[in-house]
Amino acid sequence: MNKLRTLTLTLLVSLSMLGPMPLAQAADSSPAATIKAFNDAINSRDIDTMVAQLAKGGVQLSLRPAHPGMPAEMPLSSDIQGTWRTVGAVLFSTTESYQRSVSITDSVENGDLATVWADAVTTTVRKAGEEPMVLSFSELYLLVKKDGRWQIAAYADNRQPDNIAIGGDAGE
């Protein structure tokens, strides 16, 4: 019996020394954890971890152009992984910092499907030394569970256009 207690105690101490679970594993536990991992990866400028939360073949829904200078009649949908790779590359190369604070307001899980609504606040500090831009908007995520792992299959938000023109000049 003492050997079993010693072995159990040794195992528990060893596990406690491993530290917190990495982001990629945390995303597997729930739809909300996947949304947190996605946004944490954006905040840490980790494009690979960010894209790992997105389902291959997923859809980005764009209700309107995000910036002045973009086509007024943009397609409603695009490839989610390609869109966020582009967003990440441009955003991270043109800003000193970009932070997303996301608060989950509703989450519904039904079998291998889930929806997550969130309120987001973003703070963008551009390299040009302008004042930080703060935007608030709502987001909707549709997640699918594939191979036991939640992934974002569709994303939409009601974000209004900002004043950052394509090419980096401030809009009017």
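Residues numbered from 1 in each chain as written. Predicted model: local features only at pLDDT ≥ 70, side-chain atom pairs only at ≥ 80, totals over all residues. Heavy atoms only, no water.

*Asks:* Can you walk me through the overall build of the protein chain in this structure?
*Replies:* From N to C terminus, the protein chain includes five helices and six strands. Order of helices (α) and strands (β) in the protein chain, N terminus to C terminus: α-α-α-α-β-β-α-β-β-β-β. Burial statistics for the protein chain: of 172 residues in total, 33% are counted as buried. Expressed as a percentage of contacts within the protein chain between residues at least 6 apart in sequence, the contacts between residues at least 24 apart total 56%. (Helix = DSSP H or I, 4+ residues; strand = E, 2+ residues; numbered from the N terminus. Buried < 20%, exposed > 50% of the residue type's maximum accessible area, 1.4 Å probe, protein only. Contact = heavy atoms within 4.5 Å.)

*Asks:* Would you take a moment to explain the packing of aromatic side chains for this structure?
*Replies:* How two aromatic rings sit relative to each other is set out by the distance from centre to centre and by the angle between their planes. Evaluated as defined, the whole model comprises four aromatic pairs. On the numbers, 6.3 Å between centres and 80 degrees between planes, the contact of Phe 38 with Tyr 141 is edge-to-face. Of the two residues, Phe 38 is situated in helix α3 (residues 31–43) and Tyr 141 in strand β5 (residues 133–146); the sequence distance between them amounts to 103 residues. You'll find Phe 38 and Tyr 141 in the same group, each marked buried. Members of the aromatic cluster, each reached through a chain of ring pairs, are Phe 38, Trp 84, Tyr 141 and Tyr 155. (Phe/Tyr/Trp six-rings, centres within 6.5 Å; stacked < 30°, edge-to-face > 60°.)

*Asks:* Help me out: how do you make sense of the sheet that holds strand β6 (residues 149–157) in this one?
*Replies:* Two strands in a sheet stick together by hydrogen bonds in their backbones, pointing the same way (parallel) or opposite ways (antiparallel). Spatially, the six strands line up as an open sheet ordered β2-β1-β6-β5-β4-β3, and their pairing is mixed. Either end of the sheet is taken by a strand with one partner, and the two such strands are β2 (77–79) and β3 (95–110). Direction aside, the axes of adjacent strands within the sheet are offset by 25 degrees on average. With 14 bridges connecting them, β3 and strand β4 (residues 113–126) associate as antiparallel partners. Residue Ser 97 lies in a different strand from β4, and its bridge partner there is Val 125. In the packing of α3 onto the sheet, the strands contacted are β1 (54–61), β3, β4, β5 and β6, and the crossing angle to β3 comes to about 175 degrees. Sheet contacts for helix α5 (residues 80–94): β1, β2, β3, β4 and β6; angle to β1, the most-contacted strand, approximately 75 degrees. (Pairing = 2+ DSSP bridges. Axes fitted to C-alpha atoms, helices over the stretch in contact; angles between N-to-C directions.)

*Asks:* Would you mind showing me how to read unusual backbone geometry here?
*Replies:* Of all residues except glycine, most have a negative phi; of all peptide bonds, most are trans. The phi dihedral of Arg 45 is positive, around 60 degrees, even though this residue is not glycine. For Arg 45, the position within the fold is in the loop between α3 and α4 (47–52). Backbone geometry places Asp 147, a non-glycine residue, at a positive phi of 55 degrees.

*Asks:* In this structure, what is going on with the nonpolar core? I would like to understand it.
*Replies:* Looking at soluble globular proteins, one finds that nonpolar side chains tend to be buried together. Grouped together as the largest cluster of nonpolar side chains are 24 residues, with contacts concentrated most on Phe 38, Ile 42, Met 50, Trp 84, Tyr 141, Leu 143 and Ile 152. For this core, the secondary-structure elements that each account for two or more residues are α3, α4, α5, β4, β5 and β6. Broken down by element, this core gets its largest block of residues, five residues, from β5. For Leu 143, the contacting residues outside a window of four places in its chain are Pro 31, Thr 34, Ile 35, Asp 112, Leu 113, Ala 114, Val 116, Trp 150, Gln 151, Ile 152 and Ala 153. (Core = buried A, V, L, I, M, F, W, Y, C linked by side-chain atoms within 4.5 Å.)

Such coordinate-based values are descriptive only and should not be taken to indicate function.
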